[in-house]
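# Understanding the architecture of this molecule
These are the residues of each chain, in order.
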There are 2 protein chains.
Amino acid sequence: MSATLSDEALDLIFREARTYNGWLDKPVSDEQIHQIYELLKMGPTSANQQPGRFVWCKSQESRERLAQHAMEGNREKIRTAPVCAIIGYDLDFHEQLPWLFPHTDAKSWFEGDEEGRREHAFRNSALQGAYLLLAARALGLDCGPMSGFDQEATTKEFFADQPRYRADWLCAIGYGDRTTIFDRSPRPEFDTFNQLI
Amino acid sequence: MSATLSDEALDLIFREARTYNGWLDKPVSDEQIHQIYELLKMGPTSANQQPGRFVWCKSQESRERLAQHAMEGNREKIRTAPVCAIIGYDLDFHEQLPWLFPHTDAKSWFEGDEEGRREHAFRNSALQGAYLLLAARALGLDCGPMSGFDQEATTKEFFADQPRYRADWLCAIGYGDRTTIFDRSPRPEFDTFNQLI
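Residues numbered from 1 in each chain as written. Chains lettered and ligands numbered in written order. Predicted model: local features only at pLDDT ≥ 70, side-chain atom pairs only at ≥ 80, totals over all residues. Heavy atoms only, no water.

### Quick look at the side chain of R63 of chain B
Residues and elements named next belong to chain B. Mapped onto the elements of the fold, R63 is located in helix α3 (residues 60–67). The buried charged residue R63 lacks any salt bridge, with E64 as its nearest oppositely charged partner at 6.5 Å. The contacts of R63, once residues within four sequence positions are left out, are C57, K58, I78, R79, T80, A81, P82, V83 and C84. (Helix = DSSP H or I, 4+ residues; strand = E, 2+ residues; numbered from the N terminus. Buried < 20%, exposed > 50% of the residue type's maximum accessible area, 1.4 Å probe, protein only. Lys, Arg positive; Asp, Glu negative; His and termini not counted. Salt bridge = Lys/Arg side-chain N within 4 Å of Asp/Glu carboxyl O. Contact = heavy atoms within 4.5 Å.)

### A short note on unusual backbone geometry
Residue and element names in this part refer to chain B. A positive phi is found at A47, a non-glycine position, where the angle reads about 50°. Turning to its location among the elements, A47 is positioned in the loop between α2 (30–40) and β1 (52–57). A relative accessible area of 16% places A47 in the buried class.

### Some thoughts on the UniProt feature "domain: Nitroreductase" (unreviewed entry) in chain A
Residues annotated in UniProt with the feature "domain: Nitroreductase" (unreviewed entry) correspond here to residues 24–175 of chain A. End C-alpha atoms of residues 24–175 of chain A are separated by 6 Å, and the span's content is 45% helix alongside 19% strand. (UniProt positions renumbered as here; feature names shortened; annotations may be inferred.)

### A few points about the packing of aromatic side chains
Across all of its chains, the model carries 21 aromatic pairs over all chains by this definition. Look at F159 of chain A and Y165 of chain A: their rings are 5.3 Å apart centre to centre, the planes differ by 75°, and that puts the pair in the edge-to-face class. The two residues F159 of chain A and Y165 of chain A agree in class, both being buried. Seen in terms of ring centroids, F193 of chain A and W99 of chain B are 6.2 Å apart; in terms of plane orientation they differ by 25°. Their pairing is stacked. Pair noted here: F193 of chain A is in helix α9 (residues 190–193) and W99 of chain B is in helix α5 (residues 97–100), and the two residues belong to different chains. Assessed through its relative accessible area of 5%, F193 of chain A is described here as buried. (Phe/Tyr/Trp six-rings, centres within 6.5 Å; stacked < 30°, edge-to-face > 60°.)

### A word on the pairing of strand β1 (residues 52–57) of chain A
The element β1 of chain A is largely enclosed, with a buried count of six among its six residues. Here β1 of chain A shows a buried face lined by G52, F54 and W56 of chain A and a second buried face lined by R53, V55 and C57 of chain A. Bridge count for β1 of chain A against strand β2 (residues 83–90) of chain A is six bridges, and the pairing is antiparallel. Residue R53 of chain A lies in a different strand from β2 of chain A, and its bridge partner there is G88 of chain A. Two strands pair when backbone bridges link them, and β1 of chain A and strand β5 (residues 194–196) of chain B are joined in this way by three bridges, in the parallel orientation. For W56 of chain A, the partnering residue across the bridge sits in β5 of chain B and is L196 of chain B. (Pairing = 2+ DSSP bridges.)

### Observations regarding the interface of chain A and chain B
With 77 residues of chain A at the contact, the number on the chain B side is 78 residues. Here chain A meets chain B over a buried area of about 7,000 Å², counting both sides, of which 66% is carbon and sulfur. By the criterion of area lost to chain B, the three top residues of chain A are F14, F193 and I197 of chain A, representing 11% of everything that side buries. Remark: the boundary between chain A and chain B carries two salt bridges. Two residues, D168 of chain A and R123 of chain B, come together in a salt bridge whose shortest N-O distance is 2.9 Å. For the pair chain A and chain B, the number of links is 36 residue pairs in polar contact (both at pLDDT 80 or more). Class assignment for the residues of the side of chain A that touches chain B results in 41 nonpolar, 20 polar and 16 charged. (Buried area = accessible area lost by both parts, 1.4 Å probe. Polar contact = N/O pair within 3.5 Å; in protein donor to acceptor, adjacent residues only side chain to side chain. Nonpolar A, V, L, I, M, F, W, Y, C, P; charged D, E, K, R; others polar.)

Next comes the structure, spelled out in structure tokens:
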């Protein structure tokens, strides 16, 4: 195992990667989607909650349906992306803990604590969404994360059979068109938002 | 730029990386902490909010103070880690948007919407924490993320001069002691928590 990532690898997933608003006409395969999940699921979540629930909208029809619930400025991005993932979570993720975290009774920690479950599901599914984004980049894909959409309507439409799931944010995935990126927004110096004590 | 990460690189940051509960007696330098931040800050946040606020507890004294606010089972992990980062967020991150997202008046989107700000700060700082964790691994370090601690007491103690900041979760960082990891918890098959439509 290499001790650290190479500069080229750090460029690929962090430094040179950008948020894309348009896509090359080059498909993403089901196999690539599975590969992203196989990586993201290895990332840590608190007590292995794995609260993320993912809908990979790949067909034109599913992306059209999703685009209808997005803010005007995001619709075309969703329609034209090879894939757009809905990152959601399960408010009752604790029901799965007996098999996901089998060595102790972690389910009981969350029973009757709906507010605590909401917080854990929200935080840990966001971590999983970040793993998804970096995993996609690591596999040579580009991403376009978005939060401008109607979460409630999307939840109703895409998680209709799962009343405890919630849609949280979106991530378009494909091969980005370099002409569609904005100038890089400023990044803070260390001392602005960090304390080292 | 390489088109994809190598298998060795994917092993390092996703597949073979583990959550550590104990640490080798090998320090983490200030320079390494800065390197982690230089990578994590490049990760995308909604409208470049960059709501994460990070306290890197590196001195024995700061880690002792933090450990006092942790659950019993997490105290020794914090005391003995070379560094333990507090991942927090700023409920008033929108005040920074005029310089972080200069091409439009994004600050006005969030004014008067405390609940919306809380949701955005929580989600996007969690993404940044995940970037932190994967950046640390990419630089050859190991992580031990934790959420078992008193957020309110930690907020009061470490963000005393910033009344709008909130402590959210912790991530110990160092060179992990392989004897302190648990067996890998089960990971779901694709079909369990995913739809591909």
